[in-house]
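If you want the building blocks of each chain, they are given just below.
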Amino acid sequence: MIYLSTADAIRTIRREFGDLTNGQQNLAIARALNRTIRSARTAASKEIRSIWQIRAKDIKAAQSIKTANRNKLESAMVTTGRPLPLMAFNPRFGKTGVTVNIGGKRKFLPGAFRATMASGHEGIFARGVYGGNRFAWRKQRIQKWPQSDTPITELKTLSIPIATRNDVVLRHLARKVEQDFPKRLTHEMLNIRRTYADAPGEG
């Protein structure tokens, strides 16, 4: 979960709209927080795609928003998910292996191959196993064909949460919120002021 503080902007703009009740101000703040975090989510997706060439649909599937309301002035972008299959990185298949595009660079994976599991899931596999964050390749078969030659493992790479925690992405997110939130909050405060112009004591 990624949090970005907007406390300074909220304090400043509350003073500017002192004619509104606390409830009216809180409603405007909640609306501004929710619009800003959705805009930030879109900005984060674009930045992640530009760095790692990850498909937009894979990023979107890993992101969700916790919205604010007038009783809880906090919104958050939540990213979840396990390491992504290499099939998500524009694979090209050859006779001796597979290449994938990670971070704008093509990487060759000798001995990797495409396979479809009984469930219908298609992926890029290789002989070997993961140990920690590393994949231990086994270059040759141990059992002769057609005997089973396990372990054969699907190849994966970074997750969306890890991609989002990248320093470049986080700086971009923070800058987006710092630039957008004060303007959005002022806009929402003005809307609330117009809405309650005839009944300033409500809210």
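The rules behind these values
- Residues numbered from 1 in each chain as written.
- Predicted model: local features only at pLDDT ≥ 70, side-chain atom pairs only at ≥ 80, totals over all residues.
- Heavy atoms only, no water.
- Pairing = 2+ DSSP bridges.
- Helix = DSSP H or I, 4+ residues; strand = E, 2+ residues; numbered from the N terminus.
- 1 Å grid on protein atoms, 1.4 Å probe; cavity = no way out; pocket = protein on both sides within 12 Å on 5 of 7 lines; lining within 4 Å.
- Points joined across faces, edges and corners; volume = space filled by probe spheres on them.
- Nonpolar A, V, L, I, M, F, W, Y, C, P; charged D, E, K, R; others polar.
- Salt bridge = Lys/Arg side-chain N within 4 Å of Asp/Glu carboxyl O.
- Buried < 20%, exposed > 50% of the residue type's maximum accessible area, 1.4 Å probe, protein only.

Engineer: Break down the sheet that holds strand β5 (residues 105-110) for me, with residues and values.
Structural biologist: Ordered in space as β3-β4-β5, the three strands form an open sheet in which the pairing is antiparallel. The two strands at the open ends of the sheet, each matched to only one other strand, are β3 (92-93) and β5. Direction of pairing for strand β4 (residues 97-102) relative to β5: antiparallel, over a ladder of six bridges. Across the sheet, Val100 pairs through a bridge with Lys107, a residue of β5.

Engineer: Outline the layout of surface pockets, supporting the account with residue identities and numerical values.
Structural biologist: Of the volumes computed, that of the largest pocket is approximately 550 Å³. Tyr130, Asn133, Lys156, Thr157 and Leu158 are the residues nearest the centre of the largest pocket, which is lined by 19 residues in total. Broken down by secondary-structure element, the contributors of at least two residues to the lining of the largest pocket are β4, β5, β8 (134-137) and β9 (152-154). Of the residues contributing to the lining of the largest pocket, the split by class is 11 nonpolar, four polar and four charged. Considering only enclosed or pocket space, the second largest pocket measures out at about 250 Å³ in volume. Forming the walls of the second largest pocket are 19 residues, and the residues nearest its centre are Leu4, Ser5, Thr6, Leu33 and Ser75. Where the lining of the second largest pocket is concerned, the elements lending two or more residues are α1 (7-16), α2 (22-52) and α5 (167-195).

Engineer: Tell me about the pattern of salt bridges, and please be specific about residues and values.
Structural biologist: As enumerated under the stated definition, the model contains seven salt bridges in all. The shortest N-O distance in the salt bridge between Arg11 and Asp8 comes to 2.3 Å. Here Arg11 and its partner Asp8 are both found in helix α1, three residues apart, which amounts to about one turn of the helix. Judged by its relative accessible area of 46%, Arg11 falls in the partly exposed class. The class of Asp8 is exposed, set by a relative accessible area of 54%. Across the pair Arg35 and Glu188 runs a salt bridge whose closest N-O atoms are separated by 3.1 Å. One end of the pair, Arg35, is in helix α2; the other, Glu188, is in helix α5, and 153 residues separate them in sequence. You can call Glu188 buried: its relative accessible area is 4%. When salt bridges that share partners are traced, they join Arg35, Arg184 and Glu188 into one network.

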